[in-house]
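Summary of structural features
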Amino acid sequence: MTRDEDKKTHAEITEVDETDLPEGDVLVDVTYSTLNYKDGLAITGKGPVVRSFPMIPGVDFAGVVAESSHGDFKPGDEVILTGWGLGEERWGGYAERARVQGDWLVPLPKGMTLAQAMAVGTAGFTAMLCVMRLEELGLKPENGPVLVTGASGGVGSVAVRLLAGRGFQVSAMTGRVSESSYLNALGASEVIDRAPYGEPGKPLQKGVWAGAVDTVGGQILANVLASARQDGLVAACGLAASMDLPTTVAPFILRNITLAGVESVYTPRHLRLKAWENLARELDAEALERISHTVGLSEVIPAAEKILAGKVRGRLIVDIA
Ligand code: NDP
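Thresholds, definitions, all that
Residues numbered from 1 in each chain as written. Predicted model: local features only at pLDDT ≥ 70, side-chain atom pairs only at ≥ 80, totals over all residues. Helix = DSSP H or I, 4+ residues; strand = E, 2+ residues; numbered from the N terminus. Rg over C-alpha atoms; globule rule 2.2 N^0.38 Å. Contact = placed C-beta atoms within 7 Å. Near = placed C-beta within 6 Å. Nonpolar A, V, L, I, M, F, W, Y, C, P; charged D, E, K, R; others polar. Domains from an automatic or database assignment. Axes fitted to C-alpha atoms, helices over the stretch in contact; angles between N-to-C directions. Parallel < 35°, antiparallel > 145°, perpendicular 65-115°, else oblique. Pairing = 2+ DSSP bridges. Core = buried A, V, L, I, M, F, W, Y, C linked by C-beta atoms within 7 Å. Buried ≥ 20, exposed ≤ 12 C-beta atoms within 10 Å, placed from the backbone.

Along the backbone of the chain there are 9 helices and 15 strands. Taken against the 2.2 N^0.38 rule, which gives 20 Å for 321 residues, the C-alpha radius of gyration of the chain at 19 Å falls within 12% of a compact globule. Considering only contacts in the chain between residues 6 or more positions apart, those separated by 24 or more positions represent 71%.

The next subject is the site of the ligand. Near the ligand lie 32 residues; those nearest to it are Gly150, Ser152, Gly153, Gly238 and Gly310. Those elements that provide at least two residues to the shell around the ligand are helix H1 (37–44), helix H2 (114–136) and helix H3 (154–165). Residue composition of the shell around the ligand, grouped by class: 14 nonpolar, 14 polar and 4 charged. Shared between two domains, the shell around the ligand holds at least three residues of each, these being domain 1 (2–119 + 288–319) and domain 2 (122–261).

Two numbers describe how H2 lies on helix H7 (residues 269–282): the axes approach to 10 Å, and their chain directions differ by 100 degrees. With respect to H7, the element H2 is oriented roughly perpendicular. On H7, the residues touching Val120, Gly124, Phe125, Met128, Leu129 and Met132 of H2 are Ala275, Asn278 and Leu279. Its residues assigned to classes, the contact of H2 with H7 comprises 7 nonpolar, 2 polar and no charged.

Pairing is parallel across the open sheet formed by 6 strands, whose spatial order is E10-E9-E8-E11-E12-E13. Edge positions in the open sheet fall to strand E10 (188–193) and strand E13 (258–261), since each of these has one partner strand only. This sheet shows a mean twist of 20 degrees between the axes of neighbouring strands, independent of strand direction. Where strand E8 (residues 146–148) meets strand E9 (residues 170–174), 3 bridges bridge the pair, whose relative direction is parallel. Each bridged residue has a counterpart across the sheet, and for Leu147 the counterpart in E9 is Ser171. Relative to the sheet, H2 contacts strand E11 (209–214), strand E12 (228–236) and E13, its axis offset from that of E12 by approximately 150 degrees. On top of the sheet, helix H5 (residues 218–226) reaches E8, E11, E12 and E13; it is set at about 150 degrees to E12, its chief contact.

Once that is clear, we can look at the domain arrangement of the chain. Each assigned domain of the chain is listed here: domain 1 (2–119 + 288–319) and domain 2 (122–261). For domain 1 versus domain 2, the separation of C-alpha centres amounts to 28 Å. In this complex, domain 1 contributes 13 residues to the contact, which on the side of domain 2 involves 15 residues.

Burial of nonpolar side chains together is a common tendency in soluble globular proteins. One finds Ala127, Cys130, Val148, Ala159, Val160, Leu163 and Ala172 to be the most contacted residues of the largest nonpolar core, which totals 103 residues. Among the elements that make up this core, the one with the highest residue count is H2 (13 residues). Shared between two domains, this core takes at least three residues from each, and those domains are domain 1 (2–119 + 288–319) and domain 2 (122–261). Discounting residues that sit within four places of it in the chain, Ala127 has contacts with Val155, Val158, Ala159, Leu162 and Val213.

With that settled, consider the environment of Pro141. Take Pro141: it is sitting in the loop between H2 and E8. We classify Pro141 as partly exposed; it has 14 C-beta atoms within 10 Å. Here the alpha-carbon distance between Pro141 and Val28, two residues 113 residues apart in the chain, equals 41 Å. In contact with Pro141, not counting residues within four places along its chain, are Gly167 and Phe168.

Here you go:
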């Protein structure tokens, strides 16, 4: 639980009475949650993520329905919840039980375990939304190479795997070139050091990428836009480098570049179901194992600092049960 003490966020593991859980028509026994970048901001207080205190962080969870008065769910059903303000404005997944609205839940897709669903989690779900958005805008493997920034992180790792699985030639940009073999194993055909892309560049550069999934924002996204090919398609979902976007209109008016924003918290239900169906089909057990590792609840608070420092590789599953 996090509390606001003299305008500083204080996080601790504590007992909460079940009767204090918020209103909702489904009570879930949480099995796993995960650590996302946003959870790092919430736990450390380094970003204005939490809207009310005290807050149980955890923007996602997977678990088993314990009680339900919602028509679509009954006790014993395995379910997933990502977003809907969990861990920000509503109590989230870092608890043994969560009471939520059934309309926010999606059933665990066939062929996936609860742990695998959280190896995906909010970050992997967002990666799928980015890929679906780029394809909806017309991106095809024959258009040319696709770049993923922040490639060793949660969204990035899953995006690399999904794009490679769909037949794209993937360039993985990272600050950790030491993770090249990890990124190659996920399907990246090229690993690019991010360092030069963090420096201001020309408004238009050599057109290289037909598409990109950007998880970092800032100067890197500006350089990605400037080095996209004619008609290039860029999905922006993150700010791990910066909230700023120091770009010009040149890529848009001279190369017909599209910059598409991707937001995963309030994604409508039909898109969620489609995304999870795709994720269950496209991510095999080996890939999910490669991408994720598991920590206990007691390890989440120190791990929050690590994820903000860009030191977590792939996805962190949090074992709650
Ligand atoms: P991670 O921390 O797992 O991944 C972020 C990666 O970005 C890091 O691993 C690192 O990759 C890179 N990075 C970190 N710091 C910097 C820096 N200062 N400059 C450049 N690159 C950096 O986070 P997630 O994958 O969970 O989330 C990624 C981003 O996406 C976050 O900003 C998050 O808030 C956002 N997000 C947005 C969602 C939405 O709904 N729009 C949903 C989920 C996430 P490497 O070492 O390989 O360079």
